[in-house]
Amino acid sequence: MPQQTFDTDLANIACGLIQTHLYDYQGTWLHKDIVSDFDKLKTNAMNAGFELSIASAYRDFERQMRIWNGKFQGERTVLDKLNKPIDLSQLNELDKCHAIMLFSALPGGSRHHFGTDLDVYAGNFLKPGHKLQLEPWEYQIDGPFYEFNNWLDENLASCGFYRPYAQYNGGVAAEPWHISHINTAKHLNDAQNIDNLSNAISQFEVAGKDTILANLSDLHARYIRNISLP
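If you're wondering where the values come from, they're calculated on a predicted model, not measured in any experiment.

Attention now goes to helix α4 (residues 93–101). Lys96, Cys97, Ala99, Ile100 and Met101 are the residues of α4 that are buried. Elements that come into contact with the buried residues of α4 comprise α3 (61–72), α8 (209–214) and α9 (216–224). For α4, the capping residue at the N-terminal end is Asn92, with a side-chain oxygen 3.2 Å from the backbone nitrogen of Leu94.

Written out as C-alpha cells, the structure reads:
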C-alpha cells in the first residue's frame, strides 16, 4: 500500500514548525478549531464546581527540543515509572531515549505541537502551599484532583475530548491530565508520520539525533502511534 502523503503546511503544523493554526485563548495558544468545544468543557466544569485550568497547551518544536536536550544532556531530571530520578549517565543513547520518552516526547513528535492537546487541572482544588507537579498521584484517591479526574472521565467525550494516555500501553506513561480534541487531533496525528518527523529532526541540533534517526521507526511505533483510542 502506498504511504499517505500530506501537504507541507499540515506536516509542519504536526511537527511544531509553524503556528498558522493557533488562536490566542486568554493568553494560551490553542488550535482555532477546538476553542468552541473547550469553552463548553470549561463551562461544564465550572457548573460542576471545578475551575478547569491549563497547565500546558501548545508547544513548538524548539521549545520541545530545549526540554529534550536538557534531559538528554543531564541538565533536567528524568523520572522512571515510580517517579524516581534516573541516572542517565549510566545509559547508552538509545536507552536514554526510552527513559526520556516515558514522559517527554521527541521534538517534532509531541501532541502539544497540534494545539489540540492540553494538560489540565482543577485550579480551585490546588491546596495552599502545594506546587502543581502533574504526576499521577495528584489524580488518584487522596490526591487533590481525584474528584476532577472522575468528572473528566464522565464528561470529556460529550465535548469532543478524550485522553490519549489514559493508561500505560508500553510506551508513554499514563497521563490523566492530558486531554486531546478527538476530531481535530486525528489528521495531525496522521501527519506526524516517520518521514515528516525525520525531516523535522534532521533540520535541528537535537541531542542524540543520529541514534534517534537510526531507531525512529521503533520509537515512533512505541511512543507516538501507541496511544489509547477515543
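Turning our eyes to something else, we now look at the environment of Tyr146. Within the secondary structure, Tyr146 sits in helix α5 (residues 146–155). Those residues in contact with Tyr146 that lie beyond four places of it in its chain are Glu138, Tyr139, Gln140 and Ile141.

Right, let's talk about empty space enclosed by the protein for a bit. Per the counting criterion, the structure on display carries one cavity of 30 Å³ or more. As a volume, the largest cavity reaches approximately 40 Å³. Lining the largest cavity are Pro164, Tyr165, Gln167, Asn169, Gly171, Val172, Asn226, Ile227 and Ser228. In the lining of the largest cavity, the residues fall into four nonpolar, five polar and no charged.

Okay, the packing of α4 against α9 next. Two numbers describe how α4 lies on α9: the axes approach to 11 Å, and their chain directions differ by 15°. Taken together, the axes of α4 and α9 are roughly parallel relative to one another. Helix-helix and strand crossings are classified by hand; for α4 and α9 the assignment is right-handed. Only Leu219, Arg222 and Tyr223 of α9 make contact with α4, whose side of the interface consists of Leu94, Cys97, His98 and Met101. Looking at the contact of α4 with α9 residue by residue, the classes come out as five nonpolar, one polar and one charged.

Every α-helical turn comprises 3.6 residues, leaving residues that sit three or four positions apart pointing alike. With 13 residues, helix α2 (residues 35–47) should reach 18 Å at 1.5 Å per residue; the first-to-last C-alpha distance of 18 Å fits that figure. Positive phi shows up at Gly49, right after α2, with a value of about 100°.

Strands pair in a sheet through their backbones, by hydrogen bonds, and they do so in one of two ways: parallel or antiparallel. Pairing within the open sheet is antiparallel, and its four strands lie in the order β3-β4-β6-β5. Of all strands in the sheet, those bounded by a partner on one side alone are β3 (52–56) and β5 (161–162). Two elements, β5 and strand β6 (residues 178–181), share two bridges in a ladder whose sense is antiparallel. Directly across from Phe161, in β6, lies its bridge partner His181. Each of β3, β4 (117–122), β5 and β6 is contacted by α2, which is oriented at about 125° to β3, the strand it contacts most.

Going through the model one piece at a time under the given rule, you end up with three salt bridges. Arg111 serves as the salt-bridge partner of Asp117, at 2.7 Å between the closest nitrogen and oxygen. Using a relative accessible area of 4% as the deciding quantity, one classes Arg111 as buried. A salt bridge links Asp190 to Lys186; the nearest nitrogen and oxygen atoms lie 3.2 Å apart. Pair noted here: Asp190 and Lys186 are both in helix α6 (residues 182–191), with a separation of four residues, about one helical turn. For Asp190, a relative accessible area of 22% puts it in the partly exposed group.

One number sums up the size of the largest pocket: a volume of about 1000 Å³. Going through the elements one at a time, β3, α3, α4 and α9 are the ones with two or more residues in the lining of the largest pocket. Looking at which element gives the most residues to the lining of the largest pocket, the answer is α3, with four residues. Of the residues assigned to the lining of the largest pocket, the class counts are 17 nonpolar, twelve polar and nine charged. Considering only enclosed or pocket space, the second largest pocket measures out at about 190 Å³ in volume. Ranked by the residues each element gives to the lining of the second largest pocket, the list is headed by α6, at five residues. A class-by-class count of the residues in the lining of the second largest pocket yields six nonpolar, one polar and four charged.

About the cut-offs
Residues numbered from 1 in each chain as written. Predicted model: local features only at pLDDT ≥ 70, side-chain atom pairs only at ≥ 80, totals over all residues. Heavy atoms only, no water. Buried < 20%, exposed > 50% of the residue type's maximum accessible area, 1.4 Å probe, protein only. Helix = DSSP H or I, 4+ residues; strand = E, 2+ residues; numbered from the N terminus. Contact = heavy atoms within 4.5 Å. Polar contact = N/O pair within 3.5 Å; in protein donor to acceptor, adjacent residues only side chain to side chain. 1 Å grid on protein atoms, 1.4 Å probe; cavity = no way out; pocket = protein on both sides within 12 Å on 5 of 7 lines; lining within 4 Å. Points joined across faces, edges and corners; volume = space filled by probe spheres on them. Nonpolar A, V, L, I, M, F, W, Y, C, P; charged D, E, K, R; others polar. Axes fitted to C-alpha atoms, helices over the stretch in contact; angles between N-to-C directions. Parallel < 35°, antiparallel > 145°, perpendicular 65-115°, else oblique. Left-handed = near helix turned anticlockwise from the far one by under 90°. Expected span 1.5 Å × (residues − 1). Pairing = 2+ DSSP bridges. Salt bridge = Lys/Arg side-chain N within 4 Å of Asp/Glu carboxyl O.

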